[in-house]
Structures are given as C-alpha cells and as structure tokens.
Amino acid sequence: MPTTQQLQNFTQQVRRDILRMVHAVSSGHPGGSLGCAEFISCLYQEIMEYSTDFSMNGDNEDLFFLSNGHISPVFYSVLARSGFFPVSELATFRKLNTRLQGHPTTHEHLPGVRIASGSLGQGMSVAIGAAEAKKLNNDAKIIYSLHGDGELQEGQIWEAAMYASAKKVDNLIATVDVNEKQIDGTTDEVLAMGSLKAKFEAFGWDVLEIQKGNNIEAILKGMSEAKSRTGKGKPVCVLLHTEMGNGVDFMMHTHAWHGKAPNDDQLEKALDQNPITLGDY
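No experiment lies behind these values; they were computed from the predicted model shown. (Residues numbered from 1 in each chain as written. Predicted model: local features only at pLDDT ≥ 70, side-chain atom pairs only at ≥ 80, totals over all residues. Heavy atoms only, no water.)

Here's the deal with the nonpolar core
Working step 1: Judged by nonpolar contacts, the single largest core of 53 residues is most densely connected at Ile40, Tyr44, Phe64, Phe85, Tyr144 and Met223.
Working step 2: Setting aside anything within four residues of it in sequence, one finds Met223 in contact with Phe39, Ile47, Tyr144, Ile173, Thr175, Ile210 and Val238.
Working step 3: Among the nonpolar cores identified, the runner-up in size contains 27 residues, and Ala130, Ile143, Val178 and Trp205 belong to it. (Core = buried A, V, L, I, M, F, W, Y, C linked by side-chain atoms within 4.5 Å. Buried < 20%, exposed > 50% of the residue type's maximum accessible area, 1.4 Å probe, protein only. Contact = heavy atoms within 4.5 Å.)

Here's the deal with the packing of aromatic side chains
Working step 1: Considering all chains together, one arrives at 11 aromatic pairs under this definition.
Working step 2: On the numbers, 5.3 Å between centres and 65° between planes, the contact of Tyr44 with Tyr50 is edge-to-face.
Working step 3: Measuring from centroid to centroid gives 6.1 Å for Tyr76 and Phe93, while their planes differ by 65°, and the two rings are edge-to-face. With a gap of 17 residues between them, Tyr76 in helix 4 (residues 72-81) and Phe93 in the loop between helix 4 and helix 5 (123-136) connect regions that are remote in the sequence.
Working step 4: Every member of this aromatic cluster is reached through a ring pair, and the members are Tyr44, Tyr50, Phe64, Phe75 and Phe84.
Working step 5: Sitting over the face of the ring of Tyr281, Arg20 holds its NZ or CZ atom 4.3 Å from the ring centroid. (Phe/Tyr/Trp six-rings, centres within 6.5 Å; stacked < 30°, edge-to-face > 60°. Helix = DSSP H or I, 4+ residues; strand = E, 2+ residues; numbered from the N terminus. Lys NZ or Arg CZ within 6 Å of the ring centre and 35° of its normal.)

Things to note about the pattern of salt bridges
Charged atoms that come close allow side chains of opposite charge to pair.
Working step 1: For the structure shown, the criterion picks out 12 salt bridges.
Working step 2: Here Glu49 makes a salt bridge to Lys141, at a shortest N to O gap of 2.4 Å. Here Lys141 lies in the loop between helix 5 and strand 2 (143-148) and Glu49 lies in the loop between helix 3 (37-47) and strand 1 (63-66), a separation of 92 residues in the sequence.
Working step 3: Exposure remark for Lys141: the relative accessible area of 23% places this residue in the partly exposed category.
Working step 4: Here Asp170 and Lys135 are joined by a salt bridge, their closest N and O atoms 2.6 Å apart. With Asp170 in the loop between helix 6 (155-166) and strand 3 (172-178) and Lys135 in helix 5, this residue pair connects regions lying 35 residues apart in the sequence.
Working step 5: The partly exposed category is assigned to Lys135, whose relative accessible area is 39%. (Salt bridge = Lys/Arg side-chain N within 4 Å of Asp/Glu carboxyl O.)

Focus on unusual backbone geometry
Working step 1: Although it is not a glycine, Asn60 adopts a positive phi angle of roughly 60°.
Working step 2: Structurally, Asn60 can be placed in the loop between helix 3 and strand 1.
Working step 3: Backbone geometry places Glu180, a non-glycine residue, at a positive phi of 65°.
Working step 4: Mapped onto the elements of the fold, Glu180 is located in the loop between strand 3 and strand 4 (181-182).

A few points about helix 9 (residues 216-228)
Working step 1: In a regular helix each residue adds 1.5 Å, so 13 residues correspond to 18 Å; helix 9 covers 18 Å between its end C-alpha atoms and thus fits that length.
Working step 2: Along helix 9, the residues classified as buried are Ile216, Ile219, Gly222, Met223 and Ala226. For helix 9, the angular spread of buried residues about the axis comes to 130°, placing them on one side. Within helix 9, the exposed residues directed more than 90 degrees away from the buried face are Glu217 and Lys221.
Working step 3: Structurally, helix 9 contributes buried residues whose contacts are with helix 1 (4-25), helix 3, strand 2, strand 3, strand 6 (206-210) and strand 7 (236-241). (Expected span 1.5 Å × (residues − 1). Arc of directions from axis to C-beta.)

Topic: the side chain of Asp62
Working step 1: Of note, Asp62 is situated in the loop between helix 3 and strand 1.
Working step 2: Among buried Asp, Glu, Lys and Arg side chains, Asp62 stands out as unpaired, with Lys227 the closest opposite charge at 4.9 Å.
Working step 3: Of the polar contacts made by the side chain of Asp62, one reaches the backbone nitrogen of Ile142; its length is 2.8 Å.
Working step 4: Contact partners of Asp62, with chain neighbours within four places excluded, come to Ile47, Met48, Glu49, Tyr50, Lys141, Ile142 and Tyr144. (Lys, Arg positive; Asp, Glu negative; His and termini not counted. Polar contact = N/O pair within 3.5 Å; in protein donor to acceptor, adjacent residues only side chain to side chain.)

Some details on the environment of Ser125
Working step 1: As for its placement among the helices and strands, Ser125 is situated in helix 5.
Working step 2: Residue classification places Ser125 among the partly exposed positions, given a relative accessible area of 27%.
Working step 3: Residues Ser125 and Asn274, 149 residues apart in the sequence, show an inter-C-alpha distance of 36 Å.
Working step 4: Apart from the residues lying within four places of it in its own chain, the contact partners of Ser125 are Gln156 and Ala160.

Structural notes on the environment of Lys141
Working step 1: Here the alpha-carbon distance between Lys141 and Glu61, two residues 80 residues apart in the chain, equals 5.7 Å.
Working step 2: Leaving out residues up to four positions away in the same chain, Lys141 has contacts with Glu49, Asn60, Glu61, Asp62, Lys134 and Asn171.
Working step 3: Polar side-chain contacts of Lys141 include one of 2.4 Å to the side chain of Glu49.

So this is what it looks like as structure tokens:
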C-alpha cells in the first residue's frame, strides 16, 4: 500500500506528464486532466484491484471506464506509470500512428483502454453493461466510471441512470468530476443543472460527496465509503468536487484551460510548480 506521500509524488509526476504531453503537440485538454490527477492516481495506485496483464474481459478484476475521454492525458499517464505500457510511449501522444489518440480508442489496442470515449454521454451505459456482465458471471469485482459534470447535460446519462437503479446495478460506482466548468464557461452559464445530488437521488442512486476532490486522503476515505455501499441494491454515485487545472496556479479558477495547451513560457512556469518526482519520460 503506497503512503500518502508516495501518492502525492505519483500525482505530481502525472501532472508533469500531462503538461508536457499537451505542450509537445500544442493540443489536448490539460484543465480537466489536472483536476482529476489525484483521483485517477488513487484509483489505480490504491483503490482498484486489477492486473496489468491486460484483457478486454477483465475477469475477476475491478474495471474502470473513462467517459469524459478528452481528459486522456491523465488517463494515459496513470496507465503507463501503473505498468500497462512503457512510460516512454507518452511521448507519442496525439502524433501520427500513435496508440495514444487524443480521445482513447480501442482499435489501437492500448492496454488499459476498454472503450472509445470521444463522444460524451456514453460511458455510463457501457459501465452498466459491464456491471451486469459481472453479475451474470458471478464476478464480485466492482465497475468504476468517471464523468464530467458538463457531460451530465447529455440525455443518455439520465436514461442510463434510470436503468441502473431500476435494475439494481449495485456493483457500480460512477464518479462525477464536479469542477463546475466546461469548454464554453461555467456549467451554470452553459446549462444550469441544479442539485446533482438531488437529481441522482431522484433517479434512485445512493449518493455521496467528496468535497475535497484534490485531497488524496479525502479521496481514499470517500471511495472506501463508496465501496462499502455497493451490493445493497442501488448504484453508487460519487460527486467529486475538484478544481480544473489543479496544481498550476494560472490554470486554476477558470475554464480557459479546458482545451488549450501551454506555450513554452507557460510550460516552464507550470513545471516549476511541479518538480520531478519519478522521472520524466
């Protein structure tokens, strides 16, 4: 079991990876990737039970589905540094003939990726299907998924949410990255959704909130609680309150870095705030 400091060091290196990946090709989505760095790092370093001997079926393993696929930089970094593929391959992000497409795809056969998630709103449906397959196979492991709060403006999310509760898909933990920002502004400005907690509860889900979604100890405590609520007849929703661009001061408290890469000077300033911990690729 890694210590809190080890998880912090891992996350800091992931932040460096994210920044360098999007800068190298002047393309990508650093904001949400940085905001979810702690969560996905904790998921793969501590919370989930899985094998790096990757198979699409994932029998007797916890499975993770990234629904908001535009935050692929954080996903790729964590997968590589968790042993799914060589860390050096991060240097190919968004380049020709790479397995590390801007949005994850399955035809590239990248270990760790089980769905293509370029189109928002679909990940919960896939996660529910995987969770039901686990039940049919008497596989007691858990399905995890991650969604953006802006993504909840997609209608398919709510069709899936209604189905999951009606069919008692209680081996699913769907986490929502609540950073209250999306590419065109705040979620309230683009399409206000009111209380997400009340909405999911109205759809029959068990809901808990992690108020400090960029705090490793809070994440571990909250996800442990979420896991304890599985198997009780309801799907579980975790509302993870994060800061977009977390760890880089000029990228925080704004939606401007949702899909914009830093220039040379900005990269240098950002990396100065996140010194090397595990070694750059």
